[in-house]
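# Summary of structural features
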Amino acid sequence: MAPKQPDILRVLCLGDVVGRPGRQVLRERLGPLRRVLSLDMIVANGENAAGGIGLTVETLRELIAAGVDVVTSGNHIWKHREMYPHLDKRPEVLRPANYGEGVPGRGLCVHTLPGGEKAAVLNLLGRSFMEAVHCPFRAADAALERLKAEHPDLCLCIVDFHAEATSEKRAMSHYLNGRVSAVLGTHTHVQTADAFVSSEGTASLSDLGMCGVEEESVLGMGKEAVLQRFLTAMPHPFKPARGRATLNGAVIEVNKVSGKALSIALVRDNAAEILDASTLL
């Protein structure tokens, strides 16, 4: 990746962090990546950080200590009740914005970058094959109206759309085209090959992938228990797989004046290399 220009901001967005191996690979790699890539912000989805499902106070501390600036989540954020009060106290920890009234936490935050610029992160939950939550498209409209009114000086806006269906994620990228810097999917734990930047300056990727064990797992969980569930249709408890974890996500370059994305580069840290997505299309 070329040296960063003065008018450019770089944001690393990471897919679902799965269990202890996912937390460990963040501890090992985020410091070097921040330095080598001159990153201004790191966003990671932490909803699978605690034992493969949910987020706890301690695992949240680990993510922040590893270098994550904003922690997003999804439908598993409610697994551990100890987190509920912290969702209200910690503005850098998000739950999807399209839950109903009276739900702990927030789905939108504004983070101050090292240079003083203001960056927004919006967390949304899809509805296809998921829980019955409020419309994520209308929730996005409301959030962007709020940002426009309260933070007219924003330099960028990243959307983590935690959703099952690729079609819903792509639809969201079209719906928000030109209004946000990036729409990035999480939840399915498999990095997709459809990264692009629209002519309106919105980067899009259907799924960032995951930070966890890939080779000896099924979506980061131990393969044997998953195989037994498929073979027998009986419940088998899942635990995060053991082994060498990999780091998956994307680096977005954004013009700090216009807030428009200039490029998206896929990150697959198992190969210790960064691939410019434009060369793959």
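For clarity, every value in this text was computed on a predicted model and none was experimentally measured.

### Considering the packing of helix α1 (residues 19-37) against helix α2 (residues 57-66)
- In the contact formed by α1 and α2, the axes pass within 8 Å of each other and the chain directions differ by 20°. When the axes of α1 and α2 are compared, the pair comes out roughly parallel. α2 is crossed by α1, and the crossing has left-handed handedness. Here α1 contributes Arg23, Leu26, Arg27 and Leu30 to the contact with α2, which in turn contributes Thr59, Glu62, Leu63 and Ala66.
- Classifying every residue of the contact of α1 with α2 gives four nonpolar, one polar and three charged.

### Some points on empty space enclosed by the protein
- One pass over the structure, following the stated rule, counts one cavity of 30 Å³ or more.
- When its volume is computed, the largest cavity comes out at roughly 40 Å³.
- Cys13, Leu14, Val43, Thr72, Ile158, Val159, Asp160, Leu184 and Leu208 together form the lining of the largest cavity.
- Elements represented by at least two residues in the lining of the largest cavity include exactly β1 (8-14) and β7 (154-162).

### Regarding the side chain of glutamate 62
- For glutamate 62, the location among the structural elements is in helix α2.
- The class for glutamate 62 is buried, based on a relative accessible area of 18%.
- Of the polar contacts made by the side chain of glutamate 62, one reaches the side chain of arginine 23; its length is 3.0 Å.
- Excluding its chain neighbours within four sequence positions, the residues that come into contact with glutamate 62 are Arg23 and Arg27.

Conventions and cut-offs
Residues numbered from 1 in each chain as written. Predicted model: local features only at pLDDT ≥ 70, side-chain atom pairs only at ≥ 80, totals over all residues. Heavy atoms only, no water. Axes fitted to C-alpha atoms, helices over the stretch in contact; angles between N-to-C directions. Helix = DSSP H or I, 4+ residues; strand = E, 2+ residues; numbered from the N terminus. Parallel < 35°, antiparallel > 145°, perpendicular 65-115°, else oblique. Left-handed = near helix turned anticlockwise from the far one by under 90°. Contact = heavy atoms within 4.5 Å. Nonpolar A, V, L, I, M, F, W, Y, C, P; charged D, E, K, R; others polar. 1 Å grid on protein atoms, 1.4 Å probe; cavity = no way out; pocket = protein on both sides within 12 Å on 5 of 7 lines; lining within 4 Å. Points joined across faces, edges and corners; volume = space filled by probe spheres on them. Buried < 20%, exposed > 50% of the residue type's maximum accessible area, 1.4 Å probe, protein only. Polar contact = N/O pair within 3.5 Å; in protein donor to acceptor, adjacent residues only side chain to side chain.

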